[in-house]
Amino acid sequence: MSAQPGTAPAGGWDVDSVAAELLRCEDERRKRPPFTDEWPGLDLDTGYEVQDLNLAKRLARGEKLVGVKLGLTSRAKQQRMGVHFPFVAWLTDAMVLPVGDPVPQSRLIHPRIEPEIVFVMGERLEGPGVTCAQAMSAVESVWGGAEVIDSRYQDFRFTAGDVAADNASSGAFVTGPVGLPPAELDLALEAVLVEVGGVVVDSATGAAVQGHPGEALALAANDLARRGHAIEAGWIVLTGGMTDAVFAPPGSSTACHFTHLGSVFLNGGEG
């Protein structure tokens, strides 16, 4: 939790100063060690305080809230990062990557790409107690997509509190060409092939995301309720990377081929 009023946590960091430093790192394309190296008290709840403060700053500077994303929903991602539960974070219109645009190298530090099953919400979804079935009944359409994740931490090294504060390593995201009603898909079996430079390097199904992407959506609604928020109609929800992320340096070429949701292509652009 946050330090008591009038006290400074170890390292001199608090919610306000961490929030300001993370936005500076993002604006300057500057990576840094995790804050918990100096402030071990930066736990998950405190990290979410930082995240919400920076959302308010983003909105104040003109960005619009368009949805939420989940991070570390797959076992592959959890094992790689050494963090064993998912995170919820915010999406704004500044993170939308138009179809056909390259990875925005000029504003990212060390981008990586991961395939996602994406929901567009038809109804408001508010926890607590939301089940997978209830969550899916609120979904209007399902899309294939890719998130270009980034991190303000050197070597993507962080604890739960660090990554929550950093908006779950948000960068940019793009959705594919095909949107379908959820009733037309078996999302646990919807598969993706990840291709880098013309070579398939990974694959997964929707079951990699909490057993079913609808479970990730329910988790997001219930976690946001704990923080006093709900998922609104019209919002976009990225349900989390289905596979481990692949690096996306300048000159790279990455494709995510879904069984029924089309393909998403991303080129690495120029450095």
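Please read all numbers here as calculations on a predicted model, not as lab measurements. (Residues numbered from 1 in each chain as written. Predicted model: local features only at pLDDT ≥ 70, side-chain atom pairs only at ≥ 80, totals over all residues. Heavy atoms only, no water.)

### What about the sheet that holds strand 11 (residues 263–267)?
Strand pairing in a sheet is mediated by backbone hydrogen bonds. Such pairs are either parallel or antiparallel.
So, point 1. Spatial strand order, 7-6-10-11: four strands in an open sheet with antiparallel pairing. The open sheet has two free edges, formed respectively by strand 7 (199–205) and strand 11, since each of these has just one partner strand. Taken pair by pair, the neighbouring strands of this sheet meet at an average axis angle of 15°, ignoring direction.
So, point 2. In the sheet, strand 10 (residues 253–258) pairs with strand 11 via five bridges, with the strands oriented antiparallel. (Pairing = 2+ DSSP bridges. Helix = DSSP H or I, 4+ residues; strand = E, 2+ residues; numbered from the N terminus. Axes fitted to C-alpha atoms, helices over the stretch in contact; angles between N-to-C directions.)

### Examining helix 6 (residues 213–226)
So, point 1. Under the 1.5 Å per step criterion, the end-to-end length of helix 6 is 20 Å for 14 residues, consistent within 8% with the ideal 20 Å.
So, point 2. All of the buried residues in helix 6 are Pro-213, Gly-214, Ala-216, Leu-217, Ala-218, Ala-220, Ala-221, Asp-223 and Leu-224. (Expected span 1.5 Å × (residues − 1). Buried < 20%, exposed > 50% of the residue type's maximum accessible area, 1.4 Å probe, protein only.)

### Considering the nonpolar core
Most often, soluble globular proteins have nonpolar side chains that are buried together.
So, point 1. Counting 70 residues, the largest nonpolar core has Phe-119, Met-121, Leu-125, Leu-217 and Ile-231 as the members making the most contacts within it.
So, point 2. No other element matches the six residues that helix 6 contributes to this core.
So, point 3. Sequence-distant contacts of Leu-217, that is, excluding residues within four places in its chain, are made with Phe-119, Met-121, Leu-125, Ala-135, Val-139, Ile-231 and Val-237.
So, point 4. By size, the runner-up hydrophobic cluster in this structure holds seven residues, among which are Met-95, Val-118, Ile-236 and Leu-238. (Core = buried A, V, L, I, M, F, W, Y, C linked by side-chain atoms within 4.5 Å. Contact = heavy atoms within 4.5 Å.)

### So, the side chain of Asn-167
So, point 1. Examined against the element boundaries, Asn-167 turns out to sit in the loop between helix 5 (160–165) and strand 5 (172–180).
So, point 2. Within the structure, Asn-167 has its side chain in polar contact with the backbone oxygen of Trp-90 (distance 2.9 Å).
So, point 3. Within polar-contact distance, the side chain of Asn-167 engages the side chain of Ser-170 at 3.0 Å.
So, point 4. When near neighbours in sequence (up to four residues on either side) are disregarded, Asn-167 contacts Gln-51, Lys-69, Ala-89, Trp-90 and Met-95. (Polar contact = N/O pair within 3.5 Å; in protein donor to acceptor, adjacent residues only side chain to side chain.)

### Observations regarding unusual backbone geometry
So, point 1. Backbone torsion omega between Gly-127 and Pro-128 reads 5°, so that peptide bond is classified as cis.
So, point 2. Examined against the element boundaries, Pro-128 turns out to sit in the loop between strand 3 (112–121) and helix 4 (132–137).
So, point 3. Phi is positive for Arg-29, which is not a glycine, with a value near 50°.
So, point 4. Tracing the sequence through the fold places Arg-29 in the loop between helix 1 (15–28) and helix 2 (44–60).
So, point 5. Relative accessible area serves as the criterion here: at 40%, Arg-29 is assigned to the partly exposed category.

### What to know about the environment of Glu-195
So, point 1. Position of Glu-195 relative to the elements: it lies in strand 6 (residues 191–196).
So, point 2. The partly exposed category is assigned to Glu-195, whose relative accessible area is 24%.
So, point 3. For the pair Glu-195 and Ala-20, spaced 175 residues apart in sequence, the C-alpha to C-alpha distance is 37 Å.
So, point 4. Those residues in contact with Glu-195, other than ones at most four positions away along the chain, are Val-200, Ser-253, Thr-254, Ala-255 and His-257.

### Considerations on the side chain of Ser-170
So, point 1. Summarising the element assignment, Ser-170 is placed in the loop between helix 5 and strand 5.
So, point 2. Setting aside its immediate chain neighbours within four residues, Ser-170 contacts Lys-69, Met-95, Glu-147, Asp-150 and Arg-152.

### Some words on the environment of Gly-271
So, point 1. Note on placement: Gly-271 falls in the segment after strand 11.
So, point 2. Take Gly-271: its relative accessible area is 94%, and that puts it in the exposed class.
So, point 3. It is 7.7 Å that separates the C-alpha atoms of Gly-271 and Pro-249, two residues lying 22 residues apart in sequence.

### Quick look at helix 1
So, point 1. Under the 1.5 Å per step criterion, the end-to-end length of helix 1 is 20 Å for 14 residues, consistent within 8% with the ideal 20 Å.
So, point 2. For helix 1, the complete set of buried residues consists of Val-15, Val-18, Ala-19, Glu-21, Leu-22, Leu-23 and Cys-25.
So, point 3. In this structure, the buried residues of helix 1 make contact with helix 2 and helix 5.
So, point 4. If you check the start of helix 1, you find a side-chain oxygen 3.3 Å away from the backbone N of Asp-16, and it comes from Asp-14.
So, point 5. Arg-29 occupies a position one or two residues after helix 1 and carries a positive phi of about 50°.

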